[in-house]
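Structural overview
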Amino acid sequence: MTKTADSAPGWLLRLAPEGVPPEAACPAETLAAAEAELGPGPVGWAVEVARDMAADIVRQVPEHGGAGAYPPFRRAVEATVLTALRGLLTEPPPTAELVPPEAVAGNAELARRNVPLDRVLRGVRLGHAHLHARLMAALDREPEETRAQETHRVSELLFVYADVQASRLAEEYVAERDRWRRSTEAARRRTVDDLLAGRPVGDTAATRTLGYDLARHHAAFIITSTAPDPSERALRLLAAELSRAAGGEHLLTVAAGGTELWAWTCWPSRPPRDALGRLPRLVPERRPLRVAVGPVGYGAEGFRRSHRGAREADRIARLGRTGWLCDYTDVSTAALLTADPEHARWFAAGVLGPLAADDPRVRELRETLRVYLAEGRSPQSAAERLFVARNTVTYRVHRAMSLLGRRLETDALELRLALEIMRLLGPPGGS
């Protein structure tokens, strides 16, 4: 029987997000199928709840959000919430087929990363508790008659669905873990993880396992995709093209989640200074793929440090202030300034005072002052960069300094740092 908004379970069809729903993690076809059954309001509610649920789980079980793992994990959580809503509406038999494929795929990645099974199942329990609390809060806004009919039914069904999911994921986890442990890729991944963690790994043993000589100069790449299900082949092909363009001797690639690939290229002697800087000219843009490039380093420590640099470049790229290829050497100062975003925002707000306001006009003044200082306090050079008149730059700089309430010569270094932080992170409380 088709449920309507007037039937007892129909309150589910009246669910709606509290604000503008975040960007969905699931593919369009998954969302379309859910909307056909639930409608756009409940789907928006599910996307919003899934975002909060994923963040809550990762806060308590950080392993779920390891490098490269968060996007597929959030997709798995979102699919699970959508499946639960549809199940509460139609009450299908509680079989293993109820567990969405996104959850199974995310679970397999946890097994390959050797996250302990008890931590995986703790994530399931935390997710169940979060969803139950959100549904109960929604029910509290319904009439007493609806609450009386639905509270027990929803709690019981959610418990059944969580039990089914835990059982299916435990079974799939064990099977995937056994397959993974037998694979060569697992041995390579373990060796890479040891190197990146700074654990002692014999160079000879590591070279034999990886098929890649550590006694070289290395540069790391982190290649990610904003598409939900990218082709692993596309990620690896881009890594190979980057290595060739940089003149690398060998290439090592390691899968790091469904949407991320780690790669290293190496040279027997230190490469030319522009070996990495020329990559944007030699390698065409590959959106939705994005590349972060680490600095060149030697030996096992250089292998590790270059990857850490690439990780920082990737973090800066995610702020949306760079192109599709982000080189650590171009953003190293920004990476240092924003390593602790909350602290950085506090510092910037303290230095800028009223000039830190989240207002379009004030943002314009901040950016003009930042460019003016970066151009050696040349109004003409700043005007050319900003595509405005020279007098406009002069006026804006004077307005900005009046908001600061001090002369430009005072704490010029702190001022430049604060302006750069504000450009990258936005004001305190901003996104």
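Look above for the structure.
Residues numbered from 1 in each chain as written. Predicted model: local features only at pLDDT ≥ 70, side-chain atom pairs only at ≥ 80, totals over all residues. Heavy atoms only, no water.

In this section: the overall build of the chain. Secondary structure summary: the chain contains 17 helices and 6 strands in total. Expressed as lengths along the three principal axes of its C-alpha atoms, the size of the chain is roughly 70 × 60 × 35 Å. Counting the 431 residues in the chain, one finds 47% classified as buried. Accessible area for the chain stands at about 20,800 Å²; split by element, carbon and sulfur atoms hold 53% of it. One way to put it: in the chain the 58 positive side-chain charges average out to a point 6 Å from where the 56 negative ones average out. (Helix = DSSP H or I, 4+ residues; strand = E, 2+ residues; numbered from the N terminus. Buried < 20%, exposed > 50% of the residue type's maximum accessible area, 1.4 Å probe, protein only. Areas by Shrake-Rupley, 256 points an atom, 1.4 Å probe, with all protein chains shown as cover. Lys, Arg positive; Asp, Glu negative; His and termini not counted. Charge placed at Lys NZ, Arg CZ, Asp CG, Glu CD.)

Across all of its chains, the model carries 2 aromatic pairs by this definition. Seen in terms of ring centroids, Trp264 and Phe303 are 4.1 Å apart; in terms of plane orientation they differ by 10°. Their pairing is stacked. Placement of Trp264 in strand 3 (residues 260-267) and of Phe303 in helix 11 (residues 299-318) is noted, with a sequence separation of 39 residues between them. Each member of the pair, Trp264 together with Phe303, is buried. Ring-pair connections join several aromatic residues into one group, and the members of that group are Tyr212, Trp264 and Phe303. (Phe/Tyr/Trp six-rings, centres within 6.5 Å; stacked < 30°, edge-to-face > 60°.)

We now examine the packing of helix 7 (residues 184-196) against helix 8 (residues 203-210). Relative to each other, helix 7 and helix 8 sit at 140°, their axes nearing to 9 Å. Considered as vectors, helix 7 and helix 8 are oriented oblique to each other. Between helix 7 and helix 8 lies a crossing of left-handed hand. Contact residues: Ala187, Arg188, Thr191, Val192 and Leu195 in helix 7; Ala206, Thr209 and Leu210 in helix 8. The class makeup of the residues in the contact of helix 7 with helix 8 is 5 nonpolar, 2 polar and 1 charged. (Axes fitted to C-alpha atoms, helices over the stretch in contact; angles between N-to-C directions. Parallel < 35°, antiparallel > 145°, perpendicular 65-115°, else oblique. Left-handed = near helix turned anticlockwise from the far one by under 90°. Contact = heavy atoms within 4.5 Å. Nonpolar A, V, L, I, M, F, W, Y, C, P; charged D, E, K, R; others polar.)

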